[in-house]
Amino acid sequence: MVNYEEKILTLLADKYRKSKKDRGTNVIARRTKLTPSQLYKSYTKNDGDIAQIDSLNEAIRRCGEKGFVTYDREGFISEIRCIYLVDEKIDEIEHYLEETYGYEPKSVKQRYAQRLIDTYAGRSPAANRECEKLRQVLENHKTPSRLPQIEDLLKALVFIENNQETLYLREASSLIYGDSKYLEETMLGSVCRALRDFLGRPCGEAEVEDEILEEYHIIRERQRLCLKGDVTVQIQGKTLELGAFRNGFEFFAEELENIGQIQIRTPFFTTVENYTSWLRCSGADETFFYLGGYATRHQRALLKKIYSDNPDRIYRHFGDIDAGGLYIHEHLCRVTGIPFRLHKMSRSQLEDSRFQSCLHPLTEQDRIRLRSLQKQEAYRDLAGYLLEQNVKLEQEVVSYYGDAIAYRNMQD
């Protein structure tokens, strides 16, 4: 059961602290209020849970007895129409929330923000800019929010902007946070956006957002480029036959500058989004390239080289059948200039009886991204079908069954 007392008082306190009343700049006196439906959305509906409604009504009554709120009833019935904060009790309410529920009052948040300013201001350019934003919030008598995340951002900015040593991303994360994955999994986007915003360098069409870190000597683990198929590579005057490697060939991106001509002998060249599927994929008429997500700088360079040397091949992309997979395809075509077709990413796979147990429902974020993709003719039909059927499908099961069929055919 929801703790409605905590929820009522927290929402009202936060709402008051964000208002002009708290800053003393209000011209019109408005009461700080909530409706019960904002606390329990089915409060006024016939199918509302009676236990939830009674619990909410009781919490409102207790808050009223403490002098923290007043409220209006709907006529003579027990239904409550609106809950009002007793403004002059705000400090007492925050103290009660702090003592009872661990709530952070405005004064605590302001001291926290000031400590961050004192600790990080002036230690690096982008960090100093973030501190100035915090300072303006305090000067305008506003309540800073998301302070733990801001502190994590400041830690990273100070370290990165002062770094002079070549580090891998996970090494940097360990040195900043004591956790090798925290920077990559939690903070990378906000850190890169803050650096780009300070430098006035928005992410270009042919870039991946975190490439900005290379300017601060921080790189991802050495990029491996993975090819599989009947391919001949000229490198430093020698000929390398990749087709001899049945399970594919991987080399570090630093070797790109030594590569001469690349000859693709198969009619099809297919990029593969996920590594498991790349390992599984096979076929005498196909060459496979592991992508791993949005094409990086080194991957883009190799793909452009391959296309330049082999313009008459058919280029395809095989990935997850979801919003992410379609965005990866769109980005791939845009940043390489190569007309990649969608491969095994259609209604046929979504309707295949073998894959039905692996279909997943869409999230709300999936729906937002798919509606955006519907505006592009190339994705309109597939995105519309995904939305209509409320499904998405990961590629690993598709590659598994496809390879299993090919293997059985070879045995027959």
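Heads up: the structure comes first, above all this text.
Description of the structure in this document. (Residues numbered from 1 in each chain as written. Predicted model: local features only at pLDDT ≥ 70, side-chain atom pairs only at ≥ 80, totals over all residues. Heavy atoms only, no water.)

On to the nonpolar core. Core analysis: the biggest nonpolar cluster contains 34 residues, and Leu 116, Leu 157, Ile 160, Leu 183, Val 191, Leu 195 and Leu 213 have the highest contact counts within it. Elements supplying a minimum of two residues to this core: helix H6 (106–120), helix H7 (125–139), helix H8 (147–162), helix H9 (169–177) and helix H10 (182–199). If you tally residues by element for this core, the top one is H8, at eight residues. Residues within four places of Val 191 in sequence aside, it is in contact with Leu 153, Ala 156, Leu 157, Ile 160 and Leu 183. Of all hydrophobic cores here, the second largest spans 28 residues; its members include Phe 318, Leu 373, Leu 393 and Val 398. (Core = buried A, V, L, I, M, F, W, Y, C linked by side-chain atoms within 4.5 Å. Buried < 20%, exposed > 50% of the residue type's maximum accessible area, 1.4 Å probe, protein only. Helix = DSSP H or I, 4+ residues; strand = E, 2+ residues; numbered from the N terminus. Contact = heavy atoms within 4.5 Å.)

Scanning the model with the defined rule gives 31 salt bridges in all. Between Arg 62 and Glu 58 there is a salt bridge, with the nearest N and O atoms lying 3.9 Å from each other. Of the two residues, Arg 62 and Glu 58 both sit in helix H4 (residues 50–65), four residues apart, roughly one turn of that helix. Look at Arg 62 and you get partly exposed, because its relative accessible area is 30%. Classification of Glu 58 by relative accessible area gives partly exposed; the value is 30%. The closest approach of N and O atoms between Asp 230 and Arg 265, which form a salt bridge, is 3.3 Å. One end of the pair, Asp 230, is in the loop between strand S6 (224–228) and strand S7 (231–235); the other, Arg 265, is in the loop between strand S10 (259–264) and strand S11 (268–272), and 35 residues separate them in sequence. Look at the salt bridges and you will find they share partners, linking Glu 5, Glu 58, Arg 61, Arg 62, Glu 65 and Lys 66 into a network. (Salt bridge = Lys/Arg side-chain N within 4 Å of Asp/Glu carboxyl O.)

Time to look at the sheet that holds strand S14 (residues 341–342). Strands sit in the order S9-S6-S12-S11-S13-S14 across an open sheet of six strands; the sheet is mixed. Unpaired on one side and paired on the other, strand S9 (249–252) and S14 mark the two borders of the sheet. Both S11 and strand S12 (residues 286–290) contribute to a ladder of five bridges, which runs parallel. Within S12, the residue paired with Phe 268 across the bridge is Glu 286. Against the sheet, helix H13 (residues 323–336) makes contact with S11, strand S13 (314–318) and S14, and its axis sits at roughly 150 degrees relative to S13, the strand it touches most. (Pairing = 2+ DSSP bridges. Axes fitted to C-alpha atoms, helices over the stretch in contact; angles between N-to-C directions.)

Here we come to the sheet that holds S10. Spatial ordering of the open sheet is given by S8-S7-S10, a layout of three strands whose pairing is antiparallel. Pairing within the sheet leaves two strands with one partner each, and these edge strands are strand S8 (238–241) and S10. Neighbour-to-neighbour, the strand axes of the sheet open up by a mean angle of 20 degrees, direction not taken into account. Relative to S10, S7 runs antiparallel, the two being bridged by four bridges. From the neighbouring strand, Thr 232 faces S10, where its bridge partner is Gln 263.

This structure, assessed with the given rule, holds zero disulfides. The cysteine Cys 203 is free of any disulfide, with Cys 192 supplying the nearest cysteine sulfur at 8.9 Å. In this structure Cys 203 comes out as partly exposed when scored by relative accessible area, which is 37%. Free cysteine: Cys 358, not disulfide-bonded; nearest cysteine sulfur from Cys 281 at 16 Å. Classification of Cys 358 by relative accessible area gives partly exposed; the value is 27%. (Disulfide = S-S within 2.5 Å.)

Before going further, it helps to spend a moment on the packing of aromatic side chains. In this structure the tally under the stated criterion is 13 aromatic pairs. Judged by centre distance (4.8 Å) and plane angle (70 degrees), the rings of Tyr 177 and Tyr 182 are edge-to-face. Taken together, Phe 269, Phe 289, Tyr 307, Tyr 315 and Phe 340 form an aromatic cluster joined through their ring pairs. Residue placement shows Lys 228 over the ring face of Trp 278; its charged tip is 4.8 Å from the ring centre. Its end group placed over the ring of Phe 318, Lys 344 keeps NZ or CZ at 5.7 Å from the ring centre. (Phe/Tyr/Trp six-rings, centres within 6.5 Å; stacked < 30°, edge-to-face > 60°. Lys NZ or Arg CZ within 6 Å of the ring centre and 35° of its normal.)

Locating Glu 286 in the fold gives a position in strand S12. Among the polar contacts listed, one links the side chain of Glu 286 to the side chain of Thr 270, at a separation of 2.9 Å. Among all residues touching Glu 286, those that are not within four sequence positions of it are Lys 228, Gly 229, Thr 266, Phe 268, Thr 270, Arg 316 and His 343. (Polar contact = N/O pair within 3.5 Å; in protein donor to acceptor, adjacent residues only side chain to side chain.)

The next subject is the pairing of S11. The buried fraction of S11 is high, at five of five residues. Burial along S11 is two-sided: Phe 268, Thr 270 and Val 272 facing one way and Phe 269 and Thr 271 facing the other are all buried.

Below, the discussion takes up the packing of H8 against H9. Between H8 and H9, the shortest axis-to-axis distance is 10 Å and the interhelical angle comes to 120 degrees. By the angle between their axes, H8 is oblique relative to H9. In the packing of H8 onto H9, the handedness of the crossing is right-handed. Of H9, the residues touching H8 (which contributes Asp 152, Leu 153, Lys 155, Ala 156, Phe 159 and Ile 160) are Ala 172, Leu 175, Ile 176 and Tyr 177. Split by residue class, the contact of H8 with H9 holds eight nonpolar, no polar and two charged. (Parallel < 35°, antiparallel > 145°, perpendicular 65-115°, else oblique. Left-handed = near helix turned anticlockwise from the far one by under 90°. Nonpolar A, V, L, I, M, F, W, Y, C, P; charged D, E, K, R; others polar.)

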